[in-house]
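Residue-level listing of the chains:
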Amino acid sequence: MYSDEQDFAGMELAARLSAEYRREVANAPSYPTAGYGEIHARFDGPVPEEGTDGLTLIEELDRGARDGLRPIVGPRFYGWVNGHSHLAGVAADWLTSAWGQNCAGIPMTPSGAAVEAVAVRWLLELLDLPAESSVGLVSGATIANFVGLAAARGELLRRQGWNVEDDGLYGAPPLRVLIGADAHNTVFSGLRYLGLGEKRVTTIATDDMGRMLPASLEKAMAADSAPAIVIGQAGQINTGVSDPFAVIAPIVHAAGGWLHVDGAFGLWARASAKHRHLLDGIEQADSMATDGHKWLQTPYDCGFTIVRHEQAHRRAMDMTASYLTRDNEQYRHPGAYVPELSRRSRGFAAWAMMRRLGRAGIARMVDEDVRVAQHLAQGIAAIPGVEVVNQPELNQFMVRFGAGTTPEEGDRLTQLTVDQIQRDAVAYMGTALWRGRLVMRVSVCSIATTTEHADITIAAVRAAWKAVQALA
Ligand SMILES: Cc1ncc(COP(=O)(O)O)c(C=O)c1O
């Protein structure tokens, strides 16, 4: 038998173990007690000659991997920018896998395609973006940026009479790429994949928090008449700030350019009546990228590319073959907006999270995370010798330890304190470089993080800093 009762038992065990893990991680955040080497050694060995049953392998996987899991879904996890992989989204994702729905086209999965179509319409409504936009569901903001930039490249060259999709870039008229000095590294990957070159860009100066300076953009636009792709961002990875879109979009469009915005997490500020003003004018952008697995709290992986010029989006991504029949041209074709052919039906989990939280719930979550970030920043700033580099206007901020010492000593003390916080394992924060100096980064992007958890976190930071000072 290709499958048997033990495989079904493995499925049921996986559901039970998942629930057990999630209850545990919510109540007792802990840290991976086993490291990569130990976990690797447990799983390594010769290729198994014979298979094992589905129940045994799930037991083996859980036993071998559990203590090397990082509690990303825990309530005091502030590393990188990670959502909560909400239980409702996870459950929908289980069904997606169990149903085995390949969302390459409508004939392959009427349900996958239809639910995805509803999810993308809801997305546009929740973020109050132009209804005529086309949306592709991809693996995350990295690929969403790539797709938006591919549409930009094709459209700007098409306007000059060049068909890049057919003829490639050899001999094409020149394009320029202008990008803020504090952009996320993933947009550079997109430029690399597209033959636009990650170093062949004009850098636009930013303010002390990372917002593009319109005067610098205006000057760079005027310096050359080649059409420009301008890459802005909603939500800088360290400071959370966004570019002044209402000012920069008209500058870009007046010169015949295309504005792409990386809004991996920041775009969700649009869902909040309180914070949407931070993104004023973003609706004028030609393309945008955002994640579901950050502020929408879907499980991995889920990202969205939003393009205001559907034909440009389709020209860049659509693919056809005689065996991929399309008998429903009146409907949205899910494969027309993404680079993959076979892919999981991500629309189910995206739909599930919007259905679970609703418009009001998403707005409340964004508001609450911003409030918690501000509360955390205030509490940490009140600790003597600790400096909060930016009071968060959204959900991201940075901290330095050793205020009043030399910059080098501040770097050293910051590293030691972050190491201590990670060892104490009450909360997780990481580090980054900001303006050449080491900072502790704090990202609040989980529906599970509350003021109560923020207070526990402030106490943990205070204790770690005290321990470092005692040794110094
Ligand atoms: C601003 C920004 N852009 C892009 C990305 C890449 O997103 P993903 O990891 O989902 O591909 C991130 C991830 O943290 C981000 O914060």
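Figured I'd write up the structure that's included with this text. Source: prediction; values computed, not measured. (Residues numbered from 1 in each chain as written. Predicted model: local features only at pLDDT ≥ 70, side-chain atom pairs only at ≥ 80, totals over all residues. Heavy atoms only, no water.)

### Some thoughts on the pattern of salt bridges
This model, assessed by the stated rule, comprises 29 salt bridges. Among the salt bridges present, the one from Glu-155 reaches Arg-159, with a minimum N-O distance of 3.0 Å. Given a relative accessible area of 44%, Arg-159 falls into the partly exposed group. The partner of Arg-346 in a salt bridge is Asp-301, and the shortest N-O contact between them spans 3.1 Å. Residue Arg-346 is located in the loop between helix H11 (310-317) and helix H12 (347-381), and its partner Asp-301 is located in the loop between strand E6 (287-291) and strand E7 (303-307); the two are separated by 45 residues in the primary sequence. Look at Asp-301 and you get partly exposed, because its relative accessible area is 30%. Taken together, the shared-partner salt bridges connect Arg-16, Glu-20, Glu-24, Asp-62 and Arg-66 into one network. (Salt bridge = Lys/Arg side-chain N within 4 Å of Asp/Glu carboxyl O. Buried < 20%, exposed > 50% of the residue type's maximum accessible area, 1.4 Å probe, protein only. Helix = DSSP H or I, 4+ residues; strand = E, 2+ residues; numbered from the N terminus.)

### Quick notes on the sheet that holds strand E11 (residues 437-443)
Reading across the sheet, the four strands line up as E8-E9-E11-E10 and stay open at both edges, with antiparallel pairing between neighbours. Edge strands, defined here as strands with exactly one partner in the open sheet, are strand E8 (386-388) and strand E10 (430-434). Averaged over all pairs of adjacent strands, the angle between their axes in this sheet comes to 40°, without regard to strand direction. Where strand E9 (residues 396-401) and E11 come together, four bridges link them in antiparallel fashion. Note that in E11 the partner of Val-399 across the bridge is Met-440. Strands in contact with helix H13 (residues 407-424) are E9, E10 and E11; relative to E11, the strand with the most contacts, it is inclined by about 35°. (Pairing = 2+ DSSP bridges. Axes fitted to C-alpha atoms, helices over the stretch in contact; angles between N-to-C directions. Contact = heavy atoms within 4.5 Å.)

### Brief notes about the sheet that holds strand E5 (residues 258-262)
As summarised here, the arrangement of the seven strands in space is E1-E7-E6-E5-E4-E2-E3, forming an open sheet in which the pairing is mixed. The open sheet has two edge strands with one neighbour each: strand E1 (134-138) and strand E3 (202-204). The mean inter-strand angle of the sheet, taken between neighbouring strand axes irrespective of direction, is 20°. Across five bridges, strand E4 (residues 228-233) lies against E5 in parallel orientation. Each residue of the ladder has a partner; that of Ile-231, found in E5, is His-260. Packed onto the sheet, H11 meets E1, E5 and E7 and runs at close to 35° relative to E1.

### Examining the nonpolar core
Soluble globular proteins: nonpolar side chains tend toward being buried together. If you look at the biggest cluster of nonpolar residues, it comprises 51 residues, and the most contacted ones within it are Leu-217, Val-230, Trp-268, Ile-282, Phe-304 and Ile-362. Ignoring sequence-local partners within four residues, the contact set of Val-230 consists of Leu-178, Met-212, Leu-217, Met-221, Val-252, Trp-258, Leu-259 and His-260. With 29 residues, the next largest nonpolar core counts Ala-150, Ala-172, Leu-175 and Val-177 among its residues. (Core = buried A, V, L, I, M, F, W, Y, C linked by side-chain atoms within 4.5 Å.)

### Brief notes about the site of the ligand
Looking at the ligand, there are 13 residues lining it, with Thr-142, Asp-262, Asp-291, His-293 and Lys-294 nearest. For the ligand, an oxygen atom lies 2.6 Å from a polar atom in the side chain of Thr-142. In this structure, His-184 approaches the ligand through a side-chain N or O atom, which is 3.5 Å from a nitrogen atom. Surface burial for the ligand is 84%, taken as the share of its 390 Å² of free accessible area covered by protein chains. (Near = heavy atom within 4 Å. Polar contact = N/O pair within 3.5 Å; in protein donor to acceptor, adjacent residues only side chain to side chain. Areas by Shrake-Rupley, 256 points an atom, 1.4 Å probe, with all protein chains shown as cover.)

### Here's the deal with the environment of His-309
Position of His-309 relative to the elements: it lies in the loop between E7 and H11. Assessed through its relative accessible area of 23%, His-309 is described here as partly exposed. As a C-alpha pair, His-309 and Arg-437 span 128 residues in sequence and 41 Å in three-dimensional space.

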